[in-house]
Amino acid sequence: MACNTKYPVVMVHGAGFRDKKHINYWGRIPAALEEQGAAVFYGHQDSWGSIEYNAAVLAGNIRQALAETGSEKVNIVAHSKGGLDARYMISSLEMAAEVASLTTVATPHHGSKTIDLLCKLPTGLFRVAAVLVNLFCRTLGDKNPDFFTASRQFSTGYMKEFNAQNPDADAVYYQSYAPVMKNPFSDLIMFWPNLIVGLVEGENDGLVTAKSAVWTNFRGILRGTGGRGISHVDEVDLRRRNFAKRPKAGGVCDIREFYIGIVAGLKDIGL
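Let me begin by describing the structure that accompanies this report. (Residues numbered from 1 in each chain as written. Predicted model: local features only at pLDDT ≥ 70, side-chain atom pairs only at ≥ 80, totals over all residues. Heavy atoms only, no water.)

## Thoughts on the overall build of the protein
This is how the line gets drawn: Think of it this way: any DSSP run of H or I at least four residues long counts as a helix, any run of E at least two long counts as a strand, and we number them from the N terminus. For this measure, only C-alpha atoms enter the radius of gyration; the expected value for a globule follows 2.2 Å times N^0.38, where N is the number of residues. Burial classification: accessible surface area is computed with a 1.4 Å probe over protein chains only, and a residue below 20% of its type maximum counts as buried, one above 50% as exposed, and the rest as partly exposed. Accessible surface is estimated by sampling points in the Shrake-Rupley manner with a 1.4 Å probe; for residues, cover comes only from the protein chains shown. Only four residue types enter the charge count, namely Lys and Arg as positive and Asp and Glu as negative; His and the chain termini do not. Charged groups are reduced to one reference atom each: NZ for lysine, CZ for arginine, CG for aspartic acid, CD for glutamic acid.
Across its full length, the protein carries 10 helices and six strands. The C-alpha atoms of the protein give 18 Å as radius of gyration, which agrees with the globular expectation for 271 residues (18 Å, within 12%). Dimensions of the protein along its principal axes, counting C-alpha atoms only, are 55 × 40 × 35 Å. Taking all 271 residues of the protein together, the buried fraction comes to 54%. By element, 58% of the accessible surface of the protein is carried by carbon and sulfur atoms, the whole surface being about 12300 Å². Positive and negative side-chain charges in the protein, numbering 29 and 26 respectively, have mean positions lying 6 Å apart.

## Some remarks on the packing of helix α3 (residues 82-91) against helix α7 (residues 156-165)
Basically, it comes down to this: Axis definition: a line fitted to C-alpha atoms, limited for helices to the stretch in contact. Angles are taken between N-to-C directions and run from 0 to 180 degrees. By definition, turning the near helix anticlockwise from the far helix through less than a right angle yields a left-handed crossing, and turning it clockwise yields a right-handed one. By definition in these notes, contact holds between two residues if any of their heavy atoms fall within 4.5 Å. Gly counts as polar in this scheme, as do all residues outside two lists: the nonpolar Ala, Val, Leu, Ile, Met, Phe, Trp, Tyr, Cys and Pro, and the charged Asp, Glu, Lys and Arg.
Running from amino to carboxyl end, α3 crosses α7 at an angle of 35°, the nearest separation of the two axes being 10 Å. Crossing of α3 over α7 shows left-handed handedness. Touching Leu84, Arg87 and Tyr88 of α3 are Met159, Phe162 and Asn163, all from α7. Tallied by class, residues from the contact of α3 with α7 come to four nonpolar, one polar and one charged.

## Examining the sheet that holds strand β3 (residues 74-79)
Two pairing modes exist for strands in a sheet, parallel and antiparallel, and in both the strands are linked by backbone hydrogen bonds. Our working rule: In this scheme, strands are said to pair when DSSP sees at least two bridges between them.
The strand order across the open sheet built from six strands is β2-β1-β3-β4-β5-β6, with neighbouring strands paired in parallel fashion. In this open sheet, the two edge strands, each paired with only one partner strand, are β2 (40-42) and β6 (218-222). With direction set aside, neighbouring strand axes in the sheet form an average angle of 20°. As judged from the three bridges shared by strand β5 (residues 173-179) and β6, these two strands associate in the parallel manner. By the bridge assignment, Ser176 is partnered in β6 with Phe218. Lying over the sheet, α3 contacts β1 (9-12), β3, β4 (99-105) and β5, oriented at roughly 155° with respect to β4. Across the sheet, helix α10 (residues 255-268) lies against β1, β3, β4, β5 and β6, angled at about 155° from β4, the strand it touches most.

## So, the environment of Ser101
Note the threshold: Counted as a polar contact is a pair of N or O atoms within 3.5 Å, where, for protein atoms, one must be capable of donating a hydrogen and the other of accepting one, and residues adjacent in sequence contribute only when both atoms are in side chains.
Positionally, Ser101 belongs in strand β4. Among the polar contacts made by the side chain of Ser101, one reaches the side chain of Asn75 at a distance of 2.6 Å.

## Concerning the nonpolar core
Note the following rule: As used in this record, nonpolar core signifies buried Ala, Val, Leu, Ile, Met, Phe, Trp, Tyr and Cys residues forming a set joined through side-chain atoms within 4.5 Å.
In this structure, Ile62, Ile76, Met89, Ile90, Leu102 and Val172 are the most contacted members of the largest nonpolar core, which totals 37 residues. At the level of secondary structure, the elements contributing two or more residues to this core comprise β1, α2 (51-69), β3, α3, β4, α5 (123-140), α6 (147-152) and α7. For this core, the element with the highest residue contribution is α2, accounting for seven residues. Once you skip the residues sitting within four places of it in the chain, Ile90 turns out to touch Met95, Ala96, Val99, Leu102, Ala169, Val172 and Tyr174. Core analysis: the next-biggest nonpolar cluster, separate from the first, contains 25 residues, Trp26, Ala38, Val105 and Ala106 among them.

That is the geometry; function is a separate question.
In structure tokens form, the structure reads like this:
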């Protein structure tokens with residue numbers, strides 16, 4: 001089978017959501033990977049936990065997956081902020097020996113200039129918003145939500161320091177992808193964020209710019225097929241349907257095939 005990798009796959013979600021059994025963050029993707037032979041586990045970190053807190057939770061869940069499977073390592077596939085949680089865990093929590101690879105999709109490795117502007121808002125206003133978000137996140141299952149800290153960790157200044165303090169581990173294989181939308185009308189769910197981020201920073205998927213998503217072994221910008229591009233919610237199969245009827249050369253119309261390709265590629269290199 002194409003995705004029968006040597007090591008199990010741990011899927012690590014981004015901000016604002018949690019891994020739920022019946023309402024899966026990843027839509028149809030995990031089932032597609034399992035049909036191709038992958039052993040799939042989840043990060044189960046908080047939806048708005050800080051990078052440091054979520055990394056510790058992720059480390060515990062990876063150790064549990066290793067215990068269940070008897071495997072020595074895992075392959076991590078991370079979306080958005082999940083890639084930062086994973087990088088901190090690997091480097092700062094010294095989990096490199098337990099991780100064979102880290103694949104990041106739309107992870108803001110270099111931060112966001114849009115967040116830089118938002119951070120200039122009155123701190124009191126930001127803290128009031130954080131209290132409300134944290135209360136909601138606790139209803140989702142978060143144990144230690146910290147919207148104030150987590151959201152500010154997306155700033156370019158913070159990420160510059162983060163990258164210096166969390167270099168790639170030599171024993172881990174890294175690769176990154178940057179999906180983008182063609183324009184704000186490509187996905188009405190992401191219309192306003194895509195428009196705003198586009199005006200401030202440039203080409204993006206509705207939240208993360210292509211430039212920010214570039215990390216080690218960058219595999220290129222994903223524009224999809226059918227002319228609409230790929231949005232931040234397309235990347236995790238939010239609508240549970242393909243975003244184009246027919247594939248075109250070099251394009252992606254079924255996000256499941258994209259992730260199958262990622263995991264199959266890890267198998268091909270012995271991971």
